[in-house]
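Remarks on the overall topology
The chain contents come next:
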Amino acid sequence: MVAGAFVGTAACNGVPGGKRSEWRGARGRTPTARVRAQAGRRLRGITEVSLNKPVSGSTPGITRGECGLVTTPPTPTRRRNPLRVILLSVLAVTLICCGGAVALGTWVLTSGTTDTFDKIEFANRLAIPPLAPSQIDAKGRRVFELAAKPGTHDFGAGRRVDTWGFNGAYLGPTLRATRGEQVVVNVRNGLDVDTSVHWHGMHLPAAMDGGPHQPVRAGGNWAPTWKVDQPAATLWYHPHPHGETAKHVYRGLAGMFIVDDEKSPPLPNRYGVDDIPVIVQDKKFSREGDELDDAPGFLSGIGILGDEIAVNGTLAPYLDVTTDKVRLRVLNGSTARSYNFGFSDDRPFALIATDGGLLERPVRTERLNLSPGERAEIVVDVRPGEQTVLRSYPPEVGNDLLRTRGGNDRFDVLQLRAAGQLEQTPALPQQLSTMERLDPATAAVTRRFKLSGHNINGEQMEMDRIDHVSTVDTNEVWEVVNSDGDFHSFHVHDVQFQILAVDGSKPPAHLSGWKDTIPVQDGRSYKLIMRFADYSDPNTPYMYHCHVLFHEDAGMMGQFVVVKPGEQAGRPISKSHQH
């Protein structure tokens, strides 16, 4: 069995029939190792050619001091034709450039692309993160415990590496609370470095947000508390230390936070049975397979792009399906990679929710693009005894000529194995929710955000600088544009926003719901509307940033405060949490 996952936590609390061994997964072969080795040999071969191939087209030099020194027999001096010299020089440069272009073209065409379609032997049972245990304290608050700690995790086939996790070796338990509850999360940092815990997608006071201004020191504690007051949604939590977020997330510090709402329609909701968390992350291992490789790829401008896919910390996973409908809560938990999800047989599925909660009605589709940090809930119909594979087709990342953004990569992600007899479940409701549409005419201000390089509006993150001041209980329109040729995404803390337009047109149906993160390809523009409700704090900012974490860590982030009417912004204060 796969070892090292969630050691020390309650055994799969809340998972019907769950056992500790189910979360740890099952051993099996890792078929992509062969693919990775072959890709490595190809890359090494190309490198040898590009480095060792003699440069042709060089012109022998003429030593002036030797000209005319031979006196017997007399040799006439040859005068150089300037035009001939120029033409030969141009020809030499052209030959060299053409050789370089051919080498570059060969490299582009034969490397930098990963394709695991039909190459994965799904040998490992999908690990299901346990529901985090909680208790109600004397004040009626639901209290959770989270401990960040180092560990060793087996991703499958004995691929045991050093990792970080919450309450275990890798990832963290799923926190679950109901709208209207007051929650407390007692966070303890058992690492030897500072970290933090950000509640991605949660509406809460700025001091509880867990951004870079709320570090938890090594060995320290933090106990944020807030009232859960938003519709049912699939949220998540992860570290947010300034300049170090990608490293902490890649090593394993992340988990889901599910918000329930008593007003939700009847949907598959038995956690671990027909309601499944699917945390998708790409991983890259060392040649020996004994450690995670966190080095960015060659020429990569977006950070780590792994060549293997882990779901809930499991490589080559399969899920046993026992009902005729299964709800997958899909989280792109990667630091840089985007995915374009669909099934191997191109079956349609129902998109029922995005980042901030349920759509008004299901959207039938065959593809679903998710950039880092985005979530989606889908419902898949299955028939008795069949198998199908959740795949990632080439994602929408804009121009990827040099193949450094994963725009041509294809992955088999998760196999669904339907039992011979399936439990019949109710039909999917055609009305899922009712959304109050925000009116852009009510916006107090319109702001513009230009994403370029590692900057937003030409500036990089400064911890002591407030970039924008918003007034509590007002609406704002934010226009976000990518103008630098690279791929970016955009995430706003505290709020869920609605998309008014994409490139000036009405957004497609799958972007019609509440969102907190969007992909922003080169040249693309989004017009968003959001409301800053309930909470104000002139001294503690929220963040907005690119959720390609390599870019965030490089400074592609800004911060804003929400103030009362007439109140001025204060000075950001980082609150260090010790013992």
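Up top is the structure these notes are about.
Residues numbered from 1 in each chain as written. Predicted model: local features only at pLDDT ≥ 70, side-chain atom pairs only at ≥ 80, totals over all residues. Heavy atoms only, no water.

This paragraph deals with the sheet that holds strand E15 (residues 317–323). Reading across from one edge, E1-E15-E23-E22-E17-E20 is the order of the six strands in this open sheet, with mixed pairing throughout. Of all the strands in the sheet, just strand E1 (124–125) and strand E20 (368–370) have a single pairing partner and so form its edges. Across five bridges, the pairing between E15 and strand E23 (residues 411–423) is parallel. Within E23, the position partnered with Leu319 by the bridge is Leu416. (Pairing = 2+ DSSP bridges. Helix = DSSP H or I, 4+ residues; strand = E, 2+ residues; numbered from the N terminus.)

Within strand E4 (residues 160–166), five of the seven residues are buried, leaving the element largely enclosed by the surrounding structure. Both strand E3 (residues 142–154) and E4 contribute to a ladder of seven bridges, which runs antiparallel. The partner of Lys149 across the bridge, within E4, is Gly165. Connecting the antiparallel pair E3 and E4 is a turn made up of five residues, with Gly156 showing a positive phi of about 140 degrees. (Buried < 20%, exposed > 50% of the residue type's maximum accessible area, 1.4 Å probe, protein only.)

With phi around 60 degrees, Asp346 is a residue other than glycine that occupies positive phi space. Its place among the elements puts Asp346 in the loop between strand E17 (339–343) and strand E18 (349–354). For Asp346, a relative accessible area of 33% translates into the label partly exposed. The phi torsion at Asp473 lies on the positive side, around 60 degrees, for a residue other than glycine. In this structure, Asp473 sits in the loop between strand E26 (468–471) and strand E27 (474–482). Overall, the relative accessible area of 41% leaves Asp473 in the partly exposed class.

Pairing within the open sheet is mixed, and its five strands lie in the order E25-E24-E27-E31-E29. The sheet is open, and its two edges are formed by strand E25 (455–456) and strand E29 (498–502), each paired on a single side. As paired elements, strand E24 (residues 443–452) and E25 share two bridges and run antiparallel to each other. Bridge pairing in E25 links Ser452 to Asn455.

Another point: the nonpolar core. Within the largest apolar cluster, 35 residues are counted, with the highest numbers of intra-cluster contacts made by Leu319, Leu328, Val380 and Val413. Top contributing element to this core by residue count: E23, with six residues. Among the nonpolar cores identified, the runner-up in size contains 32 residues, and Ile456, Ile499, Val502 and Leu511 belong to it. (Core = buried A, V, L, I, M, F, W, Y, C linked by side-chain atoms within 4.5 Å.)

Function-wise, these values are silent; they only describe arrangement.
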